[in-house]
Amino acid sequence: MKENAEYYVRITNPSLDDFEHRIEYRNVYVYLNFLNDINIRQSRILILSLFYLLHQDPKPLSAADFNNALRNLSVYHLIFNGLYAQGTNTLESLYAKAAIELRTMRDKADVKARLKKLYAEMGKTLSKVVVNRDLNLQKFEDLRYFGKVNVSDNIKSKFFIRILYELQAAYPADCSLEHIMNESAERPESVSVGNIIPLEVAVNNRIPQSADFSEKVNRYYVDSNYPVMEDFVAKHRGETTWDA
């Protein structure tokens, strides 16, 4: 009972200290926070079982499979709830059944197989909602991120961008989202996800509001250590304009 309570606190109030800042768990903090931010509670019974397995000796759940499970849950709910606004009540029995079965398993192969079965079941529920690929893409394209205004879309957009770029360069606390074209109410495209890129907080804070695209790339973006930004600078250095 005590260990369940400890795991539940980690799920509902995650901290980077929970895993001693170990590299293999650095994205867990992001996944758990996202699920909490969009108010997904039904998955907690499943995640409790995953924490339980992770702390058994020997471990029937590897760090990689633990990360992958939380990533899959987060991406699933980004689409199912964040983009398509579906209710999660139908998933309670799915998660509960998997959680109960997983708790009894001690073999890694069995755990992998049960998680694979769960992902397939989740995929079936999603296929009933996402029936049009073009509509799905349009919903992603319609996501907006506002740096000056706190809106519900920001949570979904920030997580989508992180998954899109698979940011691995730093802990989440070191990551901000940069509007490549300066954010402007007069230019709707300036808050589209196509105009957003991950950037270290320290670098982002140095960029003046008046900086144009060329100045941003050549004076500030060049100081970033994020691979995605290094690729962006290599591609756009020397250019003076940017179209989101």
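Position numbers for residues start from 1 in each chain and track the written sequence from start to end. A pLDDT threshold of at least 70 governs which residues receive local features in this predicted model, and a stricter bar of 80 or more applies before side-chain atom pairs are shown or counted, although totals over entire chains, interfaces and linings include all residues. With hydrogens and water set aside, each side-chain value is computed from the structure's full complement of heavy atoms.

J.: Could you clarify how one ought to interpret the environment of F80 in this entry?
T.: Numbering of helices and strands runs from the N terminus, with a helix taken as a DSSP run of H or I at least four residues long and a strand as a DSSP run of E at least two residues long. Inspection of the secondary structure assignment puts F80 in helix 4 (residues 63–83). With 11 residues separating them along the chain, F80 and L91 place their C-alpha atoms 11 Å apart. Setting aside residues up to four positions removed in sequence, F80 forms contacts with A85, Q86, G87, L91, T125, L126 and V129. In this analysis, two residues are considered to be in contact whenever any of their non-hydrogen atoms come within 4.5 Å of each other.

J.: Hey, could you run me through the packing of helix 4 against helix 8 (residues 153–165) in this one?
T.: Think of two packed helices as two axes; the pair is described by the angle between the axes and how far apart they sit. Note on definitions: angles span 0 to 180 degrees between N-to-C directions of axes, and those axes are lines fitted to C-alpha atoms, for helices only across the stretch in contact. Relative orientation of the contacting elements helix 4 and helix 8 amounts to 135°, with a least axis distance of 11 Å. Here helix 4 lies oblique to helix 8, going by the angle between them. The two elements helix 4 and helix 8 cross, and the hand of that crossing is left-handed. Contacts between helix 4 and helix 8 involve R71, S74, V75, L78 and G82 from the first element and K156, F159, F160 and I163 from the second. The nonpolar class holds Ala, Val, Leu, Ile, Met, Phe, Trp, Tyr, Cys and Pro. Asp, Glu, Lys and Arg form the charged class, and all remaining residues, Gly among them, are polar. In the contact of helix 4 with helix 8, the residues fall into five nonpolar, two polar and two charged. An angle below 35 degrees is treated as roughly parallel, one above 145 as roughly antiparallel, one from 65 to 115 as roughly perpendicular, and anything else as oblique. Here a crossing is called left-handed whenever its near helix is offset anticlockwise from the far helix by less than a right angle, and right-handed whenever the offset is clockwise.

J.: Explanation requested: the packing of helix 5 (residues 92–103) against helix 6 (residues 108–127) in the structure shown.
T.: Helix 6 packs onto helix 5 with a crossing angle of 175° between their chain directions and a minimal axis gap of 10 Å. When the axis of helix 5 is compared with that of helix 6, the two are roughly antiparallel. Residues L94, Y95, K97, A98, E101 and L102 of helix 5 form the contact with helix 6, whose own contacting residues are V111, R114, L115, L118, E121 and M122. Per-class residue counts for the contact of helix 5 with helix 6 are eight nonpolar, no polar and four charged.

J.: Explanation requested: the environment of F146 in the structure shown.
T.: Structurally, the position occupied by F146 is in the loop between helix 7 (133–141) and helix 8. Throughout, exposure labels follow a simple rule: accessible area from a 1.4 Å probe, protein chains only, divided by the maximum for the residue type, with under 20% read as buried, over 50% as exposed, and the rest as partly exposed. Among the residues examined, F146 registers a relative accessible area of 27% and is labelled partly exposed. Distance in space between the C-alpha atoms of F146 and I38 is 17 Å, their sequence separation being 108 residues. Leaving out residues up to four positions away in the same chain, F146 has contacts with V151, N154, H179, E183 and V191.

J.: Sorry if this is basic, but what is going on with the packing of aromatic side chains here?
T.: Aromatic ring pairs are defined here through the distance separating the ring centres and the angle between the ring planes. The aromatic pairing rule takes the rings of Phe, Tyr and Trp, using the six-membered ring of Trp, and pairs them if the centres are within 6.5 Å, calling planes under 30 degrees apart stacked, those over 60 edge-to-face and the rest tilted. Considering all chains together, one arrives at nine aromatic pairs under this definition. Judged by centre distance (5.8 Å) and plane angle (25°), the ring pair of Y7 and F51 falls under stacked. Taken together, the residues span a long stretch of sequence, with Y7 in helix 1 (residues 2–12) and F51 in helix 3 (residues 44–54) at a distance of 44 residues. Accessibility assignment for this pair places Y7 and F51 in one class, buried. Between Y31 and F159 the ring centres are 6.2 Å apart and the planes differ by 75°, which places this aromatic pair in the edge-to-face class.

J.: What is the right way to look at the nonpolar core in this model?
T.: Buried together is how nonpolar side chains tend to be arranged in soluble globular proteins. The biggest cluster of nonpolar side chains holds 54 residues, and the ones touching the most others in it are I47, F51, F66, L70, L73, Y95 and L102. Going through the elements one at a time, helix 1, helix 2 (28–37), helix 3, helix 4, helix 5, helix 6 and helix 8 are the ones with two or more residues in this core. No other element matches the 10 residues that helix 4 contributes to this core. When near neighbours in sequence (up to four residues on either side) are disregarded, L102 contacts L46, L50, L53, V111, R114 and L115. Grouping buried Ala, Val, Leu, Ile, Met, Phe, Trp, Tyr and Cys residues that are joined through side-chain atoms within 4.5 Å yields what is termed a nonpolar core. Core analysis: the next-biggest nonpolar cluster, separate from the first, contains 18 residues, I207, V217, Y221 and F232 among them.

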